[in-house]
Amino acid sequence: GLCTCDQGYYGPACQFACPGLADGAEVCHGHGTCSDGARGTGLCTCDQGYYGPACQFACPGLADGAEVCHGHGTCSDGARGTG
């Protein structure tokens, strides 16, 4: 049978933690969702304006409480984004 994993855990035996949890933070650092569950991949899908494998980085401007790139540009966001 398949395990039913708690939220934030994935793998056939729920043996892996989604990015962020291993660091003691929230799943995907609270800025995305994780593909969890027994058939999950453990990859984060970042909210718009956040990037990094665990959605741990904010695009320029967001940290200042403004729009991404202060509304005058675009940011390479997402789990594979570069900022």
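These lines cover the structure that appears in this document, whether it is placed above or below. Keep in mind that what you see is a predicted model, and the values were worked out from it rather than measured. Counting starts from 1 at the beginning of each chain's written sequence and moves along it residue by residue. It should be noted that, the model being predicted, local features are given only for residues of pLDDT at least 70 and side-chain atom pairs only at 80 or more, the latter also being counted only at that level, while totals for whole chains, interfaces and linings use all residues. The basis for the side-chain values is all heavy atoms of the structure; hydrogens and waters are excluded.

## Regarding the overall build of the protein chain
Threshold: What counts as a helix is a DSSP run of H or I of at least four residues, what counts as a strand is a run of E of at least two, and both are numbered from the N terminus. Each residue's exposure class comes from its accessible area (1.4 Å probe, protein chains only) as a fraction of the maximum for that residue type: buried when under 20%, exposed when over 50%, partly exposed otherwise. Note on definitions: a residue-residue contact is assigned when non-hydrogen atoms from the two residues lie within 4.5 Å. In short, Shrake-Rupley with a 1.4 Å probe defines the accessible areas, and a residue's cover is counted only from the protein chains shown.
A tally of regular secondary structure across the protein chain gives 0 helices and 6 strands. Out of the 83 residues belonging to the protein chain, those deemed buried represent 33%. Taking the intrachain contacts of the protein chain between residues at least 6 apart in sequence as the baseline, contacts between residues at least 24 apart amount to 34%. Element-wise, carbon and sulfur atoms account for 49% of the exposed surface of the protein chain, whose accessible area totals about 5,100 Å².

## Considerations on unusual backbone geometry
In this structure, H29 is a non-glycine residue whose phi angle is positive, near 55°. Structurally, H29 can be placed in the loop between strand 2 (16–17) and strand 3 (32–34). For H29, a relative accessible area of 24% corresponds to the partly exposed category. Phi angles above zero are rare outside glycine, and C55 is one such case at about 55°.

## Concerning the state of the cysteines
Stated precisely, the cut-off is as follows: Cysteine sulfur atoms that pair up within 2.5 Å are treated as a disulfide.
In this structure the tally under the stated criterion is 5 disulfides. Across the disulfide from C18 sits C34; the S-S distance is 2.0 Å. Across the S-S bond of C18 and C34 the torsion is about -80°, and the bridge reads as left-handed. Taken together, the residues span a long stretch of sequence, with C18 in the loop between strand 2 and strand 3 and C34 in strand 3 at a distance of 16 residues. Residue classification places C18 among the buried residues on the basis of a relative accessible area of 0%. Look at C34 and you get buried, because its relative accessible area is 12%. With a sulfur-sulfur separation of 1.9 Å, C59 is cross-linked through a disulfide to C75. Residues C59 and C75 are joined through a disulfide that is left-handed, its torsion about the S-S bond being -75°. Within this pair, whereas C59 is found in the segment after strand 6 (57–58), its partner C75 is found in the segment after strand 6, the two being separated by 16 residues in sequence. Comparing C59 with C75 shows no difference in burial state: the two are buried. Along the protein chain, the cysteines that take part in disulfide bonds pair up as 1-2, 3-5, 4-6, 7-8, 9-10, counted in sequence order.

## Let's talk about the environment of C3
Looking at where C3 falls in the secondary structure, it is placed in the segment before strand 1 (9–10). Through-space distance from the C-alpha of C3 to that of A13 is 5.9 Å; in sequence the pair is 10 residues apart. The contact partners of C3, leaving out residues within four places of it in the chain, are P12, A13, C14 and A38.

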